[in-house]
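# Fold and geometry: a report
Each chain, written out:
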Amino acid sequence: MNKRRILIVGGGTAGWLTAAYLAKALKLPERPHLEVTVLESPDISSVGVGEGTFPTIRSTLQFLGIDEARFIRETSATLKQGIRFVDWARTPTAGQQQFFHPFEAPFYAEDLNLVPYWLLQDEAGRLPFAEAMTLQVRVAEAHRAPKRAGEAPYAAPLNYAYHFDALKLAKLLAARALELGVRHVQGTVTDVALDATGAIAHLDTAQQGRFQAELYIDCTGFRAELIGKAVGTSFKSVRHQLFADRALACKVPLDGNAVMESSTIATAHEAGWLWEIGLNGARGIGCVYSSSHISDDRAADILRDYCGAGHEDLAMRSIPFTPGYREQQWVRNCVAVGLSAGFLEPLEATGLVLIEAAVGMIAEMLPHSGPIHAPARRFNELMTARFENIINFLKLHYCISQREEPFWRDNAVAATIPDRLAGLLEEWKLRPPGRFDFVLDTETFAFFNYQYILYGMGFATDLSAGRSDFPQSADADKLFAKIQRFADRAVADLPSHRALIQQINAGR
Ligand SMILES: Cc1cc2nc3c(=O)[nH]c(=O)nc-3n(C[C@H](O)[C@H](O)[C@H](O)COP(=O)(O)OP(=O)(O)OC[C@H]3O[C@@H](n4cnc5c(N)ncnc54)[C@H](O)[C@@H]3O)c2cc1C
């Protein structure tokens, strides 16, 4: 049997995650006719950001056979229970406003949907939406962990993901990929030759000569050396919908006694937002902004102000990007995974989720024989749907804000809101988001994620005309009270986040 060679170009998170996943899913050690190689430039560094994740990463790491405690130790990881949004709804005048987007879905009772009852409660007296619907907000705000030390790896009473050091994650994934039989070659691609059909015929490298494969996976990051420069697929910019196009990133040490947050903190500013990610020993902080609305100098001032006194000489890294993606991510024998396929912006941490989605599909759809590009059309349709759905979800955070600065007002202009989102927003004025609004196979965010953002930001769904359709308010009140009692118990029972991370790092 002829050897099937898969050549992954790029050794960032995308390259190594793809390599490890394919090696595991395709049972590489048991298939001598299959070869998976990572070709990585020794001279071009990876982007080195991407510290926040989504809960899907747990099943991915578990599937790869990576021990959770090892992962936490080797990547300076902490646990993430969601995102705390600060000052997104209105321009702050006195004090901060905030809302929480937890990973845990709203409390669900088979015969009683609590959302309409929350909507019908008196606005002044009710708890914020997420706090009313799940105990996770109280747990995270009390700096408790979502699990106890004795809990099984990757399992917990509350849904969670991680914050981690992106470079350390790539290193760990590389080690696992090599254990699973992946070959590693250091070389910089200098030329990509196409055959008469437009497929890649071979690659030339500066250090290691020529490479040939049946499938080339482009994980070269923003450079998109194969799918973009060589194959020439076009990039669809969505800057007319998502305005952020730059990030300034820095790291500051985390004081040994400071609170170890288990949520990403996303603080809105005049022309974008700031992320703060608590790692074990450091805080990753970044300023995301639109270069059409503020200057780089102004963004640097915003970041310095956020970091506070003592950080005047902060080392910042500037990362420009164009929000968008390629509709053709798989063309003939070349498929793009990671930043080469597209990137929207850091909000809601969707970079790694998209990599997981892409590699999961490649592993499952890869034909055992026949033309390698057979799944390309379906793959492209599904990835396009995923990107478009994420665009809708991200835009929601901006377009319903009442902030007054030009960046935010421009975001509310109807022409910048995708049609599908605009249509749903009209419907949601009279009913809450529901599960039939989305096709979950291609959706990263479910209807309840939309509920958390909409109602966290004060969006009004007016059910008053149908009040009599919801006669179980006494039962609903009992359930709301039960959620709070569960929260009291969870806060009392769960360990502090810092204590759990220290315990795992101490190997206990
Ligand atoms: C500001 C910012 C914040 C982000 N935050 C998050 C987040 O919180 N959560 C999240 O999930 N995602 C986030 N992302 C996305 C995340 O960083 C990426 O999805 C992830 O790091 C994957 O990157 P990559 O491997 O595609 O590219 P890179 O990390 O850039 O890796 C590219 C690789 O290709 C190699 N290479 C390049 N050219 C050649 C060549 N000619 N020959 C050989 N090799 C080559 C390089 O050496 C490198 O190894 C963020 C991105 C940005 C820009």
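Residues numbered from 1 in each chain as written. Predicted model: local features only at pLDDT ≥ 70, side-chain atom pairs only at ≥ 80, totals over all residues.

## Some thoughts on the overall build of the protein
Heads up, the condition is: Where helices and strands are cited, they refer to DSSP runs of H or I of at least four residues and of E of at least two residues respectively, numbered from the N terminus. Each radius of gyration reported is based on C-alpha atoms, and the globular scaling rule is 2.2 Å times the count of residues to the power 0.38. Working definition of burial: number of other C-beta atoms within 10 Å of the residue's own, with buried at 20 or more, exposed at 12 or fewer, and partly exposed in between, all C-beta atoms being placed from the backbone. By the criterion used throughout, residues are in contact when their C-beta atoms, derived from the backbone, lie within 7 Å.
Within the protein, the regular secondary structure consists of 16 helices and 21 strands. A compact globule built from 508 residues should have a C-alpha radius of gyration of about 23 Å, and the protein, at 23 Å, falls within 12% of that. Its C-alpha atoms put the protein at 70 × 55 × 50 Å along the principal axes. Out of the 508 residues belonging to the protein, those deemed buried represent 46%. For the protein, restricting intrachain contacts to residue pairs at least 6 apart in sequence, the fraction spanning at least 24 positions comes to 76%.

## As for the site of the ligand
Heads up, the condition is: Nearness here is judged by the C-beta atom: place it from the backbone, and if it falls within 6 Å of a molecule or strand, the residue counts as near that partner. Nonpolar residues are Ala, Val, Leu, Ile, Met, Phe, Trp, Tyr, Cys and Pro. Charged residues are Asp, Glu, Lys and Arg, and all others, Gly as well, are polar.
Residues in close proximity to the ligand total 40 residues, the closest being Gly12, Gly50, Gly221, Gly338 and Gly351. Residue assignment for the shell around the ligand shows that the elements contributing at least two residues are helix H1 (13–25), strand E2 (34–40), strand E13 (246–253) and helix H10 (351–365). Taken together, the residues of the shell around the ligand break down into 19 nonpolar, 17 polar and 4 charged.

## With respect to the sheet that holds strand E14 (residues 264–269)
Test applied: Between any two strands, at least two bridges found by DSSP are needed for them to pair. Between N-to-C directions, angles cover 0 to 180 degrees, with each direction set by a line fitted to C-alpha atoms, over the stretch in contact for helices.
The sheet built from 7 strands is open, its strands ordered E5-E4-E14-E15-E16-E13-E17 with mixed pairing. The strands lining the two open edges of the sheet, one partner per strand, are strand E5 (98–102) and strand E17 (317–320). Ignoring which end each strand starts from, the neighbouring axes of this sheet average 20° apart. As judged from the 5 bridges shared by E14 and strand E15 (residues 272–278), these two strands associate in the antiparallel manner. In the strand pairing of E15, Ala268 is matched with Trp273. Strands in contact with helix H9 (residues 296–307) are E13, E14, E15, strand E16 (282–289) and E17; relative to E16, the strand with the most contacts, it is inclined by about 150°.

## Considering the nonpolar core
Put simply, the rule is: In this usage, the nonpolar core is the set of buried Ala, Val, Leu, Ile, Met, Phe, Trp, Tyr and Cys residues whose C-beta atoms join them within 7 Å.
Counting 148 residues, the largest nonpolar core has Ile8, Ala19, Ala20, Ala23, Ala177 and Val337 as the members making the most contacts within it. When near neighbours in sequence (up to four residues on either side) are disregarded, Ala19 contacts Ile8, Val36, Val38, Ala177 and Val182.

## Looking at H9
Spelled out, the test is: Multiply 1.5 Å by the residue count of a helix minus one, and that product is the helix's expected span. Starting at the helix axis, one direction is taken to each C-beta atom, and the arc is that of these directions.
In this model, H9 (12 residues) spans 17 Å end to end at C-alpha, consistent with the 16 Å of a helix rising 1.5 Å per residue. Buried within H9 are the following residues: Ala299, Ile302 and Leu303. What you see down the axis of H9 is that its buried residues fit within an arc of 95°, all on one side. Residues of H9 that are buried make contact with E13, E14, E15 and E16. Gly308 sits one or two residues past H9 and shows a positive phi near 85°.

## Considerations on the environment of Trp273
Following the sequence through the fold, Trp273 ends up in strand E15. Owing to 24 C-beta atoms within 10 Å, Trp273 belongs among the buried residues under this scheme. Placed 74 residues apart in sequence, Trp273 and Leu347 show a C-alpha to C-alpha distance of 8.6 Å. Those residues within four positions of Trp273 in sequence are excluded, and the remaining contacts are Ala266, Thr267, Ala268, Val288 and Leu347.

## What to know about the pairing of strand E9 (residues 200–205)
When strand E8 (residues 189–194) meets E9, the two strands line up antiparallel, connected through 5 bridges. Paired with Val192 across the bridge in E9 is Leu203. Hairpin connection of E8 to E9: 5 residues between the antiparallel strands, including Gly198 at a positive phi of 95°. Two elements, E9 and strand E10 (residues 209–211), share 3 bridges in a ladder whose sense is antiparallel. Of the residues in E10, the one forming a bridge with Leu203 is Phe211. Once E9 ends, the chain turns through 3 residues before running back antiparallel as E10.

## Here's the deal with unusual backbone geometry
Positive phi, normally seen in glycine, also occurs at Ala224, with a value near 40°. Topologically, Ala224 is positioned in the loop between strand E11 (215–218) and helix H8 (225–230). Residue Ala224 is classed as buried on the basis of its 23 C-beta neighbours within 10 Å. With a phi angle near 50°, Arg332 is a residue other than glycine that sits in the positive phi range. Mapped onto the elements, Arg332 comes out in the loop between strand E19 (330–331) and strand E20 (334–336). Residue Arg332 is classed as partly exposed on the basis of its 19 C-beta neighbours within 10 Å.

## Side note on helix H16 (residues 497–505)
For H16, the complete set of buried residues consists of His497, Arg498, Leu500, Ile501 and Ile504. Taken around the axis of H16, the buried residues stretch over an arc of 165°, which confines them to a single face. Contact partners of the buried residues in H16: helix H3 (68–74) and strand E3 (78–80). Following H16 by one or two positions, Gly507 adopts a phi angle in the positive range, close to 80°.

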